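Spelled out, the chains give:
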Amino acid sequence: MRIRLLAMMASVGAFAANLCAVENITVPNGSFESPPVLFTVNINIDSWQKSAQPDWYTDTNTYLWSQLIGEFKNTATNAPDHIDNCDGNQAIWMFARPDLALFQDYDSTDYRSTVPTHEFNAIYEPGKAYHLTVAVMGGVTNYGLEDGDTIELSLYYRDAASNAVPVAATTVTNDNENVFTNHTHFLDFHADTPPVRAGDPWAGQHVGIALRSTVTDTNLGGYWDLDNVRLTATMAPSLRDVAWRNGQFTFSIMSEPGLAFEIQATTNLVASNWSTVGFATNAGGMASFTNAAAWSSRTFFRARQLP
């Protein structure tokens, strides 16, 4: 249960108020519709960079490293292998191989050029939390994956040495009996960052997205299908418009619409004896609260988000 310290009556400040909402961040070619697949498959993917071929991998007549990730066209609606919730007409495959990844950030490239286009320019902004969603499909029967094969979906930033440093990641584990039971339907998986703080190393840095096969040498084989990469940002609950007027303490809570908060107060932070003084439901992005109690000493308030 998340707790936020809101204010103390002895030190009241004023802050600018802006309504809060979920922000949809455009991920270039997030649905893998470009370039169009003319026939069945295409190993080229616009806006995304493939991981470099490692020394241990030797190209064979069966699969070149460049062929381990690519686009495919969804089949006709009446075909038995038609994916019923494919976003658009195309998706991608990714083989279960160590060191294989597809990523995108401000400085990434794609097959067309080694010069970055800076097309994806989202920034980790303080006060915002970031939510990555990727549609994934696996399975043993149709996809040749083994139970226990894994793929990682992550958000990252690049440090001063250009190393990709994860900020949030989730691991998807292939499970044919309990998870990937429908081999013609994508499932959504998520990776979420905590609210960005001004002192975080990634604050103000460009957002990166990575889709990475994380199998070992002992269980490689088969492939994943992926589609519809989405990124959103939400403002963390915060205090605005703090004021002391006519013997009453007022403030506004900004958060995602629909959240409910229990307002608590205490005169002693060390003792942690918080008492409930009211409730506020944020219907439209900003909710106001006024407390008219006669407090005898310095008082602290906080809003505790309710389930």
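Keep in mind it's a predicted model, so treat the numbers as computed, not measured.

K.L.:
How do you make sense of the overall build of the protein when you look at a structure like this?
P.N.:
Counting its secondary structure elements, the protein contains 0 helices and 19 strands. The C-alpha atoms of the protein give 24 Å as radius of gyration, which overshoots the globular expectation for 307 residues (19 Å, by more than 25%). Over its C-alpha atoms, taken along the principal directions, the protein stretches across nearly 80 × 40 × 35 Å. Per-residue burial over the protein gives 46% buried out of 307 residues.

K.L.:
I tried to follow the environment of Gly285 on my own but got confused; where do I start?
P.N.:
When you line up the elements, Gly285 lands in the loop between strand E17 (275-282) and strand E18 (286-291). Taking the relative accessible area as the measure of exposure, Gly285 reaches 0% and is therefore buried. Taking the C-alpha atoms as reference, Gly285 lies 5.5 Å from Glu256; in sequence the two are 29 residues apart.

K.L.:
How do you make sense of the packing of aromatic side chains when you look at a structure like this?
P.N.:
Where two aromatic rings form a pair, the distance of their centres and the angle of their planes describe that pair. In this structure the tally under the stated criterion is 14 aromatic pairs. Plain terms: the ring middles of Phe32 and Trp48 are 5.5 Å apart, the flat faces sit at 40 degrees to each other, and that makes the pair tilted. Here Trp48 lies in the loop between strand E3 (41-42) and strand E4 (49-50) and Phe32 lies in the loop between strand E2 (23-25) and E3, a separation of 16 residues in the sequence. Each of the two residues, Phe32 as well as Trp48, counts as buried. Plain terms: the ring middles of Tyr124 and Tyr130 are 5.3 Å apart, the flat faces sit at 80 degrees to each other, and that makes the pair edge-to-face. Considered together, Tyr124 and Tyr130 belong to a single accessibility category, that of buried residues.

K.L.:
Looking at this structure, I do not really get the environment of Thr214. What am I missing?
P.N.:
Residue placement: Thr214 occurs in the loop between strand E12 (208-213) and strand E13 (223-235). When the C-alpha positions of Thr214 and Leu38 are compared, they lie 31 Å apart, and in sequence the two are 176 residues distant. Polar side-chain contacts of Thr214 include one of 2.7 Å to the side chain of Thr150.

K.L.:
Honestly, the pattern of salt bridges in this entry has me stumped. Any pointers?
P.N.:
Pairing of side chains with opposite charge becomes possible as their charged atoms draw close. According to the stated counting rule, one finds 8 salt bridges in the structure shown. The residue Arg230 makes a salt bridge to Asp188 at a minimum N-O spacing of 2.7 Å. Of this pair, Arg230 sits in strand E13 while Asp188 is found in strand E11 (residues 187-192), placing the two residues 42 residues apart along the sequence. Assessed through its relative accessible area of 26%, Arg230 is described here as partly exposed. Salt bridges linked by common partners bring Glu23, Glu125 and Lys128 together as one network.

K.L.:
Explain the sheet that holds strand E10 (residues 164-173) to me, please; I cannot follow it from the model alone.
P.N.:
Whether parallel or antiparallel, the strands of a sheet pair through hydrogen bonds between backbone atoms. Pairing is antiparallel in the open sheet, where 5 strands are placed in the order E4-E7-E12-E9-E10. On the outer flanks of this sheet lie E4 and E10, each paired with one strand and no other. Sheet topology note: the E4/strand E7 (residues 101-104) ladder contains 2 bridges and is antiparallel. Bridging across to E7, Gln49 finds its partner in Phe103.

K.L.:
How should I be thinking about the nonpolar core in this particular structure?
P.N.:
Soluble globular proteins tend to bury their nonpolar side chains together. One finds Ile209, Leu211 and Leu226 to be the most contacted residues of the largest nonpolar core, which totals 52 residues. When contributions to this core are tallied by element, the ones reaching two or more residues are strand E5 (69-73), strand E6 (90-95), strand E8 (128-137), strand E9 (150-158), E10, E11, E12 and E13. Here this core takes 6 residues from E8, the largest share from any one element. If sequence neighbours within four positions are ignored, Leu211 has contacts with Phe32, Trp48, Met94, Leu100, Ala101, Leu102, Val134, Glu152, Leu153, Leu226 and Val229. Within the second largest apolar cluster, 14 residues are counted, among which are Phe251, Ile253, Ile263 and Ala287.

Calculation criteria
- Residues numbered from 1 in each chain as written.
- Predicted model: local features only at pLDDT ≥ 70, side-chain atom pairs only at ≥ 80, totals over all residues.
- Heavy atoms only, no water.
- Helix = DSSP H or I, 4+ residues; strand = E, 2+ residues; numbered from the N terminus.
- Rg over C-alpha atoms; globule rule 2.2 N^0.38 Å.
- Buried < 20%, exposed > 50% of the residue type's maximum accessible area, 1.4 Å probe, protein only.
- Phe/Tyr/Trp six-rings, centres within 6.5 Å; stacked < 30°, edge-to-face > 60°.
- Polar contact = N/O pair within 3.5 Å; in protein donor to acceptor, adjacent residues only side chain to side chain.
- Salt bridge = Lys/Arg side-chain N within 4 Å of Asp/Glu carboxyl O.
- Pairing = 2+ DSSP bridges.
- Core = buried A, V, L, I, M, F, W, Y, C linked by side-chain atoms within 4.5 Å.
- Contact = heavy atoms within 4.5 Å.

This is a description of form; function is not addressed.
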